[in-house]
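# Chain and residue survey
Residue-level listing of the chains:
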Amino acid sequence: MFLFPAALIKRKLQACSYSIALATFGIVSLSSLTNSNFISSEAHAADTGVVNIYSYRQPYLVKPLLEEFTKQTGIQTKVIFAKKGLIERIAAEGKLSPADVLLTVDIGRLSAAVEKGISQPVKSSVIEGNVPAKYRSAKGDWFGLTVRSRVVYASKGRVGQDAITYEELADPKWRGKICMRSGQHVYNVAMIASMIAHNGAEKTKTWLKGLKANLARKPSGNDRAQIKAVFAGQCDLAIGNTYYMGKMQTNEKKPEQKKWAASVKLLFPNTKTRGAHVNLSGMVLAKHSPNKSAAVKLMEFLSSEKAQQIYSEVNLEYPVKEGVAWSDLVKSWGEFKADDLALEKIAELRKAASLLVDETDLNNGPSS
Ligand code: FE
């Protein structure tokens, strides 16, 4: 992977008449997938048969998709990868931004792109035909590409039941037995927003108090750290996203994670009622996209059956397009019923969810 020297990046940015301290954006890696160069200010010209992508998603996920896109259309792609700061960067670059398409995860980040004013709506019957209405914004500001569900990882040895509900996580029978990451993490904020949508704010507040009382420890670490804690006997239930199961099951670099995965069973909550809460990975057309028609072609491609199959296979998620087969590994976790709640509704309730996390002092753990 070719890493761009900071000086070159700075020069390119200055060519766009900006003086930006890269460090403030927290960019950890900048790289290109193809043998193409860094997205340059020359890309500000009209459509060039190139799409410039700013991606929070990792190279190994995006690369096979873009190769297939270029094979099908002849359109080249250039990509900047970063773990943080891309939305802020597009905002700072303003009208001269070379960004065409932003790839990211979570409704929180998709809606943040809209709130920061870096998106523009797309009207495409192809995308609308492929992406169900619940997985895209009504105005076309963002579109889901894959679905992940936030589920319960239960100890195989210590938990007998094979079904659960989110509501039940507040039941005193789980006192001291649940592990979770920060309640303010985007994944949990969206899950709590879905609780508000279904049960109302008051009931959700009571639920959060019950959940807090049931925690084994103060929320900290990522999703996989919670599953590790179940493996280690610190808790019986952990809240986590589905794809982490696959990432642990197939982790050759850290084979100990295979043991964590083997110690748990994946329970899709609320299967008998509304279905399990889901979130998205998705895409946004940048407000000042200099290569708009090629960018929309890419977005249409990403929603297509072929791309959906590739993408969901490599990232161990579920395709948004109906009728596209799940990967064998994903299938092995069992059938799940997805909550039908529109992600746009979750986006609206995120702020209320975040306030409830503070009000109930969830992040201070069980004893406070
Ligand atoms: Fe994740």
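For clarity, every value in this text was computed on a predicted model and none was experimentally measured. (Residues numbered from 1 in each chain as written. Predicted model: local features only at pLDDT ≥ 70, side-chain atom pairs only at ≥ 80, totals over all residues.)

### Quick look at the nonpolar core
Of all hydrophobic cores here, the largest spans 105 residues; its most connected members are Val 101, Leu 102, Ile 178, Ala 238 and Met 299. Sort the elements by how many residues they give to this core and helix H6 (residues 186–199) lands first, with nine residues. Formed jointly, this core draws a minimum of three residues from each of two domains, domain 1 (6–146 + 280–325) and domain 2 (148–276 + 335–364). Other than its neighbours up to four places away in sequence, Ile 178 contacts Leu 169, Leu 211, Asn 214, Leu 215, Ala 216, Cys 235 and Leu 237. (Core = buried A, V, L, I, M, F, W, Y, C linked by C-beta atoms within 7 Å. Buried ≥ 20, exposed ≤ 12 C-beta atoms within 10 Å, placed from the backbone. Helix = DSSP H or I, 4+ residues; strand = E, 2+ residues; numbered from the N terminus. Domains from an automatic or database assignment. Contact = placed C-beta atoms within 7 Å.)

### Notes on the pairing of strand S7 (residues 237–241)
The buried fraction of S7 is high, at five of five residues. Looking at chain direction, strand S5 (residues 143–155) and S7 are connected through five bridges and run antiparallel. Among the inter-strand pairings, Val 151 is bridged to a residue of S7, identified as Gly 240. One ladder, built from two bridges, connects strand S6 (residues 178–179) with S7; its direction is parallel. For Cys 179, the partnering residue across the bridge sits in S7 and is Ala 238. (Pairing = 2+ DSSP bridges.)

### Some remarks on helix H7 (residues 201–214)
Its 14 residues place the ends of H7 20 Å apart at the C-alpha level, agreeing with the 20 Å of an ideal helix rising 1.5 Å per residue. In this structure, the buried side of H7 is in contact with S6, H6 and helix H14 (343–359). (Expected span 1.5 Å × (residues − 1).)

### Let's talk about the confidence of the model for the chain
Per-residue pLDDT for the chain averages 89, and the proportion of residues at 70 or more is 87%. Taken as a whole, residues 1–46 scores under 50 in pLDDT and shows 77 contacts with residues more than four places along the chain or in a different chain. (pLDDT = per-residue confidence, 0-100.)

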